[in-house]
Amino acid sequence: MKTIVIADDEPSLRMLTRITLDDPEYRILEAEDGSTALDLARSEKPDLLILDWMMPGLTGIEVAHSLRQDTHTANIPIIMLTAKGQ
């Protein structure tokens, strides 16, 4: 079973992403902020991390940067989401 972490501070966007990925082959974990996302990524070693660009506390960019610095998490694929228009 593949593990996916969805990190977004907007509950409705986490739900939409979860529904989009709904499949019995996936175990989906959710984080409402960057710190929680970083903790989950380090403890669960997910197969994919979906990060919101702008979250309270640590941003998605900061989480991605921290994960890339650690040899245990450096190869986790990351998809960044943003509502920014630019």
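The shown structure was predicted, so the numbers you read here are calculated from the model rather than taken from an experiment.

> Honestly, the pairing of strand E2 (residues 26-31) in this entry has me stumped. Any pointers?
A regular strand places its side chains so that they alternate between the two faces of the sheet. Where strand E1 (residues 2-7) meets E2, six bridges bridge the pair, whose relative direction is parallel. Following the sheet pairing, valine 5 is matched in E2 by leucine 29.

> Before we go on, may I ask you to explain helix H2 (residues 34-44) in this structure?
Note on helix geometry: an α-helix contains 3.6 residues per turn, so any two residues three or four positions apart are oriented the same way. For H2, the complete set of buried residues consists of Gly34, Ala37, Leu38, Leu40 and Ala41. Relative to the axis of H2, the buried residues are bounded by an arc of 165 degrees and lie together on one face. In H2, the exposed residues that point more than 90 degrees away from the buried face are Asp39 and Ser43. Residues of H2 that are buried sit in contact with E1, E2, strand E3 (48-52) and helix H3 (60-69). The opening residue of H2, the one whose side-chain oxygen lies 3.2 Å from the backbone nitrogen of serine 35, is aspartate 33. Following H2 by one or two positions, lysine 45 has its phi on the positive side, about 45 degrees.

> Please explain the sheet that holds E3 as it appears in this structure.
The strands that make up a sheet are held in pairs by hydrogen bonds between backbone atoms, and each pair lies either parallel or antiparallel. The strand order across the open sheet built from four strands is E2-E1-E3-E4, with neighbouring strands paired in parallel fashion. Looking at which strands have only one partner, the edges of the open sheet turn out to be E2 and strand E4 (78-81). Averaged over all adjacent pairs, the angle separating strand axes in this sheet is 15 degrees, with direction ignored. Lying on the sheet, helix H1 (residues 11-20) is in contact with E1, E2, E3 and E4; it crosses E2 at an angle near 175 degrees.

The rules we used
Every chain's residues receive numbers from 1 upward, in the order its sequence appears when written. The model is predicted, so local features are restricted to residues of pLDDT at least 70 and side-chain atom pairs to those at 80 or more, both for listing and for counting; the totals for chains, interfaces and linings are taken over all residues. Think of the side-chain values as coming from all heavy atoms in the structure, minus any hydrogens and water. Only strands that DSSP links by at least two bridges are regarded as paired with each other. In this text, helices come from DSSP runs of H or I with a minimum length of four residues, and strands from runs of E with a minimum of two, each type numbered from the N-terminal end. Here's how the labels work: a residue is buried when its accessible area is under 20% of the maximum for its type, exposed when over 50%, partly exposed in between, all with a 1.4 Å probe on protein chains only. Each direction from the helix axis to a C-beta atom contributes to the arc, which is the arc of those directions. Here, residues are in contact when the closest pair of their heavy atoms is within 4.5 Å. Think of a polar contact as two N or O atoms within 3.5 Å of one another; within protein, one of them needs to be a possible hydrogen donor and the other a possible acceptor, and neighboring residues in sequence only count if both atoms come from side chains. A fitted line through C-alpha atoms represents every axis, and for helices the fit uses only the stretch in contact; the resulting angles, taken between N-to-C directions, go from 0 to 180 degrees.

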